[in-house]
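Reading the structure
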Amino acid sequence: MQIQGSEVTLVEPTEALREPYLAFYEEWKASGESFVPWVVEIDPADFAGMLQSLREHAGGVNIKDGWVSSSTFWLVTTDQRVVAAVNIRHRLTEALLRTGGHIGYGVVPSERRQGYASELLKQALVKAAELGIEKALVVCDAVNTASERTIRKNGGVEDSEYIEEDGNVIRRFWIETE
């Protein structure tokens, strides 16, 4: 899809995207915001090691107890900028059913409000279908109205909310992937 005059494609992380990814990571880190999805917080100083870890997660290898296999993709523009990341969990645990969902995604701060999140989720749903996920759970904090709009735009049907111990309200949406 074209966004702001640039094609964007969801791709597996690769060595060829080292410099664009490092720029993406450093901008996010400098913003002081929490990294979303969780895989963005992995320090890329050992870039090859990070890529290996992501491959292992996708293959279900060396996963922490209580975690599930997950595939990570980067949204890349035609001029080779990494503008967003998505992590797709292959199945749900009880905790993920309440607060994590199948798909976690985030757009680097400087690239928000340009349509990248909607396109990212759209392409991630295709990847989820390829992984055998027929209905994907996507969640967001109730205060994150931009994410809610993105989820609804991609066909999200609201399920019950979940209230965390600290009072934070999680909005939960199901999306048919096929």
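Going by the structure above, here's the rest.
What counts as what
Residues numbered from 1 in each chain as written. Predicted model: local features only at pLDDT ≥ 70, side-chain atom pairs only at ≥ 80, totals over all residues. Heavy atoms only, no water. Helix = DSSP H or I, 4+ residues; strand = E, 2+ residues; numbered from the N terminus. Buried < 20%, exposed > 50% of the residue type's maximum accessible area, 1.4 Å probe, protein only. Pairing = 2+ DSSP bridges. Phe/Tyr/Trp six-rings, centres within 6.5 Å; stacked < 30°, edge-to-face > 60°. Contact = heavy atoms within 4.5 Å. Polar contact = N/O pair within 3.5 Å; in protein donor to acceptor, adjacent residues only side chain to side chain.

Note the cis peptide between Val36 and Pro37, where omega equals 0 degrees. Residue position: Pro37 is located in the loop between helix H1 (18–31) and helix H2 (47–59). The phi torsion at Gln80 lies on the positive side, around 65 degrees, for a residue other than glycine. As for its position among the elements, Gln80 is in the loop between strand E3 (70–77) and strand E4 (82–89). On the basis of relative accessibility, which here comes to 44%, the residue Gln80 falls in the partly exposed class. For Arg113, which is not glycine, the phi torsion reads 65 degrees and is therefore positive. Among the secondary structure elements, Arg113 is positioned in the loop between strand E5 (103–107) and helix H4 (116–130).

In terms of burial, E3 is a largely internal element, eight of the eight residues being buried. Across the two faces of E3 the burial is the same, with Ser70, Thr72, Trp74 and Val76 and Ser71, Phe73, Leu75 and Thr77 all buried. As paired strands, E3 and E4 are joined by seven bridges and run antiparallel to one another. In the sheet register, Val76 faces E4, and the bridge partner there is Val82. Linkage of E3 to E4, two consecutive antiparallel strands, is achieved through a turn of four residues, within which Gln80 is found at a positive phi near 65 degrees.

What follows covers the packing of aromatic side chains. Scanning the model with the defined rule gives eight aromatic pairs in all. Look at Tyr21 and Trp74: their rings are 4.2 Å apart centre to centre, the planes differ by 10 degrees, and that puts the pair in the stacked class. Residue Tyr21 is located in helix H1, and its partner Trp74 is located in strand E3; the two are separated by 53 residues in the primary sequence. Each of the two residues, Tyr21 as well as Trp74, counts as buried. Measuring from centroid to centroid gives 4.9 Å for Trp38 and Trp67, while their planes differ by 90 degrees, and the two rings are edge-to-face. Here Trp38 is found in the loop between H1 and H2, whereas its partner Trp67 is found in the loop between H2 and E3, with 29 residues between them in sequence.

What follows concerns the environment of Glu158. Along the chain, the position of Glu158 falls in strand E7 (residues 157–158). Leave out the neighbours within four places in its chain, and Glu158 touches Arg152, Arg171, Arg172 and Phe173. Engagement of the side chain of Glu158 in a polar contact is seen with the side chain of Arg152, the distance being 2.7 Å.

Structurally, the position occupied by Thr150 is in helix H5 (residues 145–153). For Thr150, a relative accessible area of 8% corresponds to the buried category. Setting aside chain neighbours within four positions, we find Thr150 in contact with Tyr105, Ala117, Ser118 and Leu121.

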